[in-house]
Amino acid sequence: MSEPKDVEMKGEDYDSSTEVKAIVEEIEQSFNLLEKAATLFDNRYVSKVLRDLAPLRKRILSHDQVLPTIINNTFPDSNSAKQDLLKLFKAAPIADSKGDKTQLFIPEVELYIYLLVQVNLLDSNELQKLNELSAHLVKVMNSYNRRSLDFIQAKVWFYISRGKELTGDLLSVRTDLLYSLRTASLRHDTETTASIITLLLRNYLLSHDIQQAANLVEKVVFPENAANALVARYYYYLARINAVQLDYSTAHECVIAAVRKSPQTKSANGFFQAATKLNITIELLMGEIPELKTFKSKTGSYEPYFYVTKAVRLGDLKLFGEVLEKYEDAFKKDDNFTLVSRLRQNVIKTGIRIISLSYSKISLKDICIKLHLDSEESTEYIVSKAIRDGVIEATINHQQGYMQSNEILDVYSTRLPQTEFDHRIKFCLSLHNDSVKSMRFPNDDDKQTVNKEVEPSDEAELMKALEEGDLDDFMD
């Protein structure tokens, strides 16, 4: 019974070893593309390598021996970081006979291997090891100045910042990010500059340093030739900054640009959902009601925002309070709880508008009861502000404590629209008749009359007027 089991285990080991070698060969082929990029100064090869990173990281995660084997085969023995990298993994490398290990060991290959290690540590939830590696990576990147490293550096900085964010250590990475932003700007490194700007904005927003984020936006110039994914992320952060600072119109423009610039792939569904939720909130703050098809999107669930929209549209303050309490955790997870809380004023304004249209005269006490407000005094202040802002057309009787809606005349029940329409028709007909008359040629009788009216003494002046083109002046 034991013999078949031994044979089966050997088969599994063989299959696993074969798969590991296949992944190692695939990564080594990427090294050839990186060598071409460094030799030909063409970043298209680097882009191709980074496009293949997403499926590759899943295969590496399921085979622990891949990265130790790559590090052992590629890093020279004289490199001091080789043993430190091998200690990050529990699995031992597969023995492989390589003639010359330093042949492909160029900065592009070195940084790409570091990127693979970063991704693997993040996927394995080894955040402490990832942060320990980040300090060494910053020194490695600062020691190189090669444009073929720009795309890889931008990715490396993303995972450095991501590791710090997941451990809650947002402040320690800011100094390195600001220093690298200055360095990348001086070197005209477009990709790294755009990546670091978005990482800094995210860092400030997560720590609620809105003013520092706004100051950064004013001081830096975002690269125009950056990738669409970075541009979309930048506009999203701009929308959030402007929304917090009450500039809803600018925030709405930015979030629409972020949605349009976002990649149309499944991997970008999370960003698309976050941008859509922010867009719904900003539209409600602007006094607009989002379209119903927005909530029926298959890309995500927008149930909390649907009920908030319903409460705002109905002006039901009680329903709004229930929705805010029920979905508080969801709003805080989306980092929109503060913005959604501001919608209370919009709910009150909508409720007052509905009441003013339904009642010609209503007491402030009844308004307080219908809108579930705190007291009659606060109701009086809220109604006064709504009248001043032009939300409703009404007056308040402070002595007797009631609101009197102004009578809205139905203009279309009078003769005024018919009169105005008649005037416009007459004007158009008169203009048409004058235009037709001006296009007519004079009759023979008219020509004789003109000749009779002109005296012989005026013939010289008439000829001069004809030559100079001033016949109309002469006739007057």
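Just so you know, these numbers come straight off a predicted model, no measurement behind them. Residue indices begin from 1 for each chain and proceed along its sequence in written order. Thresholds applied to this predicted model are a pLDDT of at least 70 for local features of residues and 80 or more for the giving and counting of side-chain atom pairs; totals over whole chains, interfaces and linings are not thresholded and use all residues. Water and hydrogen atoms play no part in the side-chain values, which are based on all heavy atoms of the structure.

**Overview of the overall build of the chain**
Here comes step 1: A run of H or I in DSSP becomes a helix once it reaches four residues, and a run of E becomes a strand once it reaches two; helices and strands are each numbered from the N terminus. Assigned secondary structure in the chain consists of 25 helices and three strands.
Here comes step 2: Scored against the burial criterion, the 476 residues of the chain give a buried share of 39%.
Here comes step 3: In what follows, a contact means two residues having at least one pair of non-hydrogen atoms within 4.5 Å. Of the contacts formed within the chain by residues at least 6 apart in sequence, a portion of 66% connects residues at least 24 apart.
Here comes step 4: If you sum the accessible surface of the chain, you get close to 28700 Å²; carbon and sulfur atoms cover 51% of it. The buried label goes to any residue with under 20% of its type's maximum accessible area, the exposed label to any with over 50%, and the partly exposed label to all in between, with areas taken from a 1.4 Å probe on protein chains only. Where accessible areas are quoted, they stem from the Shrake-Rupley method and a 1.4 Å probe; at the residue level, only the protein chains shown are allowed to cover.

**Some points on the pairing of strand β2 (residues 394–397)**
Here comes step 1: Pairing analysis gives four bridges linking β2 to strand β3 (residues 402–405), with the strands arranged antiparallel. By the bridge assignment, A394 is partnered in β3 with S405.
Here comes step 2: A pair of strands is considered paired only if DSSP assigns at least 2 bridges between the two. Between β2 and β3, which follow one another and run antiparallel, lie four residues, and G401 among them has a positive phi close to 70 degrees.

**Quick word on the nonpolar core**
Here comes step 1: If you look at the biggest cluster of nonpolar residues, it comprises 120 residues, and the most contacted ones within it are I27, Y112, L115, V117 and V308.
Here comes step 2: Top element by residues in this core is helix α6 (residues 107–123). It accounts for eleven residues.
Here comes step 3: If sequence neighbours within four positions are ignored, V117 has contacts with L67, I71, L88, F89 and L133. Nine residue types can take part in a nonpolar core, namely buried Ala, Val, Leu, Ile, Met, Phe, Trp, Tyr and Cys, and a core is a set of them joined through side-chain atoms within 4.5 Å.

**Overview of the sheet that holds β2**
Here comes step 1: An order of β1-β3-β2 is seen for the three strands of this open sheet, with the pairing classed as antiparallel. The open sheet has two edge strands with one neighbour each: β1 (361–363) and β2. Across the sheet, the mean angle separating the axes of adjacent strands is 20 degrees when strand polarity is ignored. The convention used is that axes are lines fitted to C-alpha atoms, helices contributing only their stretch in contact, and that angles between N-to-C directions extend from 0 to 180 degrees.

**A short note on the environment of S143**
Here comes step 1: Along the polypeptide, S143 turns up in the loop between α7 (127–142) and α8 (150–166).
Here comes step 2: For S143, a relative accessible area of 51% puts it in the exposed group.

**As for unusual backbone geometry**
Here comes step 1: Located in the positive-phi region is L246, a residue other than glycine, with phi close to 70 degrees.
Here comes step 2: Within the secondary structure layout, L246 lies in the loop between α12 (228–244) and α13 (248–261).
Here comes step 3: Of note in this structure, D335 is not a glycine but carries a positive phi near 60 degrees.
Here comes step 4: Topologically, D335 is positioned in the loop between α17 (328–333) and α18 (337–341).
Here comes step 5: Of the residues examined, D335 reaches a relative accessible area of 33% and is grouped as partly exposed.

**Let's talk about the packing of helix α15 (residues 303–314) against helix α19 (residues 343–358)**
Here comes step 1: Where α15 contacts α19, the two axes come as close as 7 Å, and the packing angle between them is 40 degrees. Contact with α15, carried on its side by V308, A311, V312, R313 and L314, involves L343, N346, V347, T350 and I354 of α19 and no other residues of that element.
Here comes step 2: Each residue gets one label: Ala, Val, Leu, Ile, Met, Phe, Trp, Tyr, Cys and Pro are nonpolar, Asp, Glu, Lys and Arg are charged, and the others, such as Gly, are polar. Residue composition of the contact of α15 with α19, grouped by class: seven nonpolar, two polar and one charged.

**Let's talk about the packing of aromatic side chains**
Here comes step 1: We call Phe, Tyr and Trp rings a pair once their centres come within 6.5 Å, taking the six-membered ring for Trp, and we label the pair stacked below 30 degrees between planes, edge-to-face above 60, and tilted otherwise. Tallying each qualifying case throughout the model produces nine aromatic pairs.
Here comes step 2: Relative to Y307, the ring of F306 lies with its centre 5.5 Å away and its plane at 70 degrees, an arrangement referred to as edge-to-face.
Here comes step 3: Taking relative accessible area as the criterion, F306 reaches 33% and is therefore assigned partly exposed.
Here comes step 4: Overall, Y307 belongs to the partly exposed group, its relative accessible area being 30%.

**Section: the pattern of salt bridges**
Here comes step 1: What makes a salt bridge here is a side-chain nitrogen of Lys or Arg within 4 Å of a carboxyl oxygen of Asp or Glu, nothing more. Overall, the coordinates contain nine salt bridges when judged by the stated rule.
Here comes step 2: For the salt bridge of D123 with R57, the shortest nitrogen-to-oxygen distance reads 2.7 Å. Of this pair, D123 sits in helix α6 while R57 sits in helix α3 (residues 53–61), placing them 66 residues apart in sequence.
Here comes step 3: Judged by its relative accessible area of 30%, D123 falls in the partly exposed class.

**Looking at the environment of E126**
Here comes step 1: Note on placement: E126 falls in the loop between α6 and α7.
Here comes step 2: The sequence separation of E126 and G163 amounts to 37 residues, and the corresponding C-alpha distance is 9.3 Å.

**Remarks on the pairing of β3**
Along any regular strand, the residues point their side chains to alternate faces of the sheet.
Here comes step 1: Here β1 runs beside β3; their pairing, made up of three bridges, is antiparallel. Of the residues in β3, the one forming a bridge with K361 is Q404.

**Observations regarding the packing of α7 against α8**
Here comes step 1: Contact geometry for α7 and α8: axes closest at 9 Å, N-to-C directions at 140 degrees. Crossing of α7 against α8: the hand is left-handed. Taken together, the residues of α8 that come into contact with α7 (itself represented by L127, L130, N131, S134, L137, V138 and M141) are Q153, V156, W157, Y159, I160, G163, K164 and L166.
Here comes step 2: In terms of residue class, the contact of α7 with α8 is made up of ten nonpolar, four polar and one charged. Rotating anticlockwise by less than a right angle from the far helix to the near helix defines a left-handed crossing, while the corresponding clockwise rotation defines a right-handed one.

**Regarding helix α2 (residues 44–51)**
Here comes step 1: Every buried residue of α2 is listed here: V46, V49 and L50. Projected down its long axis, α2 carries its buried residues within an arc of 95 degrees, all on one side. The outward face of α2, more than 90 degrees from its buried face, is lined by the exposed residues R44 and R51. What the arc measures is the spread of directions leading from the helix axis to the C-beta atoms.

**Topic: the side chain of D150**
Here comes step 1: For D150, the location among the structural elements is in helix α8.
Here comes step 2: We classify D150 as buried; its relative accessible area is 7%.
Here comes step 3: Beyond its immediate sequence surroundings of up to four residues, D150 is in contact with D189, E191 and T192.

**Concerning α3**
Here comes step 1: L53, L56 and I60 are the residues of α3 that are buried. On an axial view of α3, the arc spanned by its buried residues comes to 60 degrees, and they lie on one face.

**Things to note about the confidence of the model for the chain**
Here comes step 1: pLDDT expresses how confident the predictor is about each individual residue, on a scale running from 0 to 100. Taken residue by residue, the chain gives an average pLDDT of 77. The fraction at 70 or more is 83%.
Here comes step 2: Note on residues 1–14: pLDDT is under 50 here. Beyond four places in sequence and across chains, it has zero contacts.
Here comes step 3: Confidence over residues 470–476 falls short of pLDDT 50; this stretch has nine contacts with residues more than four positions distant or in other chains.

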